[in-house]
Structures are given as C-alpha cells and as structure tokens.
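Residue strings, one per chain:
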Amino acid sequence: MTLTKEGTIIGMKKEKISSAVIRRLPRYYRHLSDLAQSGVVRISSSALGEAMNLTASQIRQDLSCFGEFGQQGYGYNVTNLRDEVANILGMSQMHTAIVMGAGNLGRALIENFRFDLSGFHLTAAFDTDPELIGREIAGTPVYSVDKLEEYLAQNPVSVGVLTVPQNVANSISEQLIAGGVKGIWNFTNSELQISDPHVVVENIHFADSLLALSYWISEVP
C-alpha cells in the first residue's frame, strides 16, 4: 500500500507477513490512536519507536511489509497511518462475533470488553443455563446452545468467543466451524482439535501470562 503526497492509496504489496509483525500491528494502532486523540499530527519513526520501545528501523521494516507510508523529512501523518493500520487489521470489514458461554468470564467480556472498538459487532451469546437463556447481558441476547445451528444458518458470524468448560470446547468449536465461523477466540485453556485448516484459532492463556510474569519477578534481585 503506497501513499502519494496527498495520502492516496495506490497499491499494496503481496507477500507473506510474519506473525511477529502481525502481533505488533495492534500496538501500532493503539499508540497511533492515543497520539491522534492527543492532537499529534505527525511523528517520526524514531519518536514512535521510543514510545513503543522499538527501534526506528524495526518500525520502518514492519510498515514496509504493507507499503510506503512516510514522507522523507516529514515522518508519518498520525491519523492517516492509524487509519491504514486499521484497514490492514480488517477493522472496517464489519466482523461479527458471538460468545459461547455466558458464565462469569463470558459475562465479564460482554459487559466490559468493547468489541466495537476492535471492529466487531457482538450479536449474541449462547449458554445451557435456563436462568440465563432468554435474558440479555448488556444488551446482548442469550440463546440456548440448542439454537446455535439455526442461528448460524440465519446470521453469518465471523468469530466465536469460547468461554465454555474444557470438556465441551472441541464439540462447540466444531459446531461453530460447521456453521461457517472462520475464527475462534479461545479462552478455555485447552488446545482445540480443529478439523478445518482454514479456521484461525487465537488462544488466550491467562496462566501463561501470569507464569511469565512470575519468572521475570523471580529474576529481580
């Protein structure tokens, strides 16, 4: 993706992007959003790198995977670059999501996580608890898991958010995949056995993060 002096997109590179670069893109978006909200109009790769604890060359290398965004002697237009990173991340594609499991963790995500700020529209939640079925959590309707197949047939869903018990994680995943879901945000702390190679799974392991923190603080004198 290349920008003219006026900021017009005139192309995009076609190449394999490493997962490490993809993992950094949300950080770029977050920092650029903060800068834009603070009224910063432009920024150099050195200044952006300092804010993100990255080198200027790393930032230039990452962004070059997708095109040429900066201008010699000017740096990056903060708003334009933020919007381009958002497009790269697919935030304008109107993704939809459903939560599987409306217990403590599922409820916490529904009530507190801003799916919309990441380009997702949360449309529904599913559970087996009769006390939850038929109710709404923060405006999100909760349906019976028995209605999942019917719901997916009538409502295209991009991502299923798994907060179900481990013993049903794989079976629920297969139901989601059969219904056309292409991505799974997995909070179950179990490794899913996915039959479709085209389905993307993002595993969130809270314990892994905490244990890594445990290591680092144990190394502190």
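Residues numbered from 1 in each chain as written. Predicted model: local features only at pLDDT ≥ 70, side-chain atom pairs only at ≥ 80, totals over all residues. Heavy atoms only, no water.

Colleague: Explain the overall build of the chain residue by residue, including any values.
Modeller: Looking only at helices and strands, one finds eight helices and nine strands in the chain. When the backbone C-alpha atoms are referred to their principal axes, the chain occupies close to 60 × 50 × 35 Å. Taken over 221 residues, the chain has a buried fraction of 38%. Sequence separation of 24 or more characterises 56% of the internal contacts of the chain that already satisfy a separation of 6 or more. (Helix = DSSP H or I, 4+ residues; strand = E, 2+ residues; numbered from the N terminus. Buried < 20%, exposed > 50% of the residue type's maximum accessible area, 1.4 Å probe, protein only. Contact = heavy atoms within 4.5 Å.)

Colleague: Can you explain the packing of aromatic side chains? Please cite residues and give values.
Modeller: In the structure shown here, the tally under the stated rule is nine aromatic pairs. Measuring from ring centre to ring centre gives 5.1 Å for Tyr 215 and Trp 216, while their planes differ by 75°; the resulting arrangement is edge-to-face. Here Trp 216 falls in the exposed class, since its relative accessible area comes to 58%. A network of ring pairs unites the aromatic residues Phe 113, Phe 115, Trp 185, Phe 187 and Phe 206 as a single cluster. (Phe/Tyr/Trp six-rings, centres within 6.5 Å; stacked < 30°, edge-to-face > 60°.)

Colleague: If you had to explain the side chain of Ser 190 to someone new, which residues and values would you point to?
Modeller: Inspection of the secondary structure puts Ser 190 in the loop between β8 (183–186) and β9 (200–203). The class for Ser 190 is buried, based on a relative accessible area of 13%. Reaching out from Ser 190, the side chain makes a polar contact with the side chain of Thr 188 at a distance of 2.7 Å. Every residue in contact with Ser 190, bar those within four places of it in the chain, is listed here: Gln 166, Ala 169, Asn 203 and His 205. (Polar contact = N/O pair within 3.5 Å; in protein donor to acceptor, adjacent residues only side chain to side chain.)

Colleague: Report on the packing of helix α1 (residues 19–37) against helix α3 (residues 56–64), specifying residues and quantitative values.
Modeller: Between α1 and α3, the least distance of the axes is 11 Å, while the angle of their chain directions is 105°. Comparing their axes, α3 and α1 come out roughly perpendicular. Facing Val 21, Arg 24 and Tyr 28 of α1, the residues of α3 in contact are Gln 58, Ile 59 and Asp 62. (Axes fitted to C-alpha atoms, helices over the stretch in contact; angles between N-to-C directions. Parallel < 35°, antiparallel > 145°, perpendicular 65-115°, else oblique.)

Colleague: Outline a nonpolar patch on the surface, listing residues and values.
Modeller: A cluster of nonpolar side chains, Leu 210, Leu 213, Ile 217 and Val 220, forms an exposed patch at the surface whose accessible area comes to about 410 Å². Summarising the element assignment, Ile 217 is placed in helix α8 (residues 206–219). (Patch = residues over 30% accessible without salt bridge, like charges linked within 9 Å, V, L, I, M, F, W, Y side chains within 5 Å. Areas by Shrake-Rupley, 256 points an atom, 1.4 Å probe, with all protein chains shown as cover. Salt bridge = Lys/Arg side-chain N within 4 Å of Asp/Glu carboxyl O.)

Colleague: Mind laying out the environment of Pro 156, listing which residues take part and the relevant values?
Modeller: Inspection of the secondary structure assignment puts Pro 156 in the loop between α6 (148–154) and β7 (159–162). The exposure class assigned to Pro 156 is exposed, which follows from its relative accessible area of 70%. Sequence separation of Pro 156 and Leu 105 is 51 residues, and the distance between their C-alpha atoms is 24 Å.

Colleague: Summarise the pairing of strand β4 (residues 120–127); cite the residues concerned and give the values.
Modeller: Here strand β3 (residues 95–100) pairs with β4 via six bridges, running parallel. Paired with Met 100 across the two strands is Phe 126, which belongs to β4. For the handedness criterion, the β-α-β arrangement of β3, helix α5 (residues 104–112) and β4 is classed as right-handed. (Pairing = 2+ DSSP bridges. Right-handed = clockwise from strand over helix to strand, strands pointing away.)

Colleague: With reference to specific residues and values, describe unusual backbone geometry.
Modeller: The residue Met 94 is not glycine, and still its phi comes out positive at about 60°. By the element assignment, Met 94 lies in the loop between α4 (78–88) and β3. A relative accessible area of 68% places Met 94 in the exposed class. Positive phi outside glycine occurs at Asn 189, with the angle close to 60°. If you trace the backbone, Asn 189 turns up in the loop between β8 and β9.

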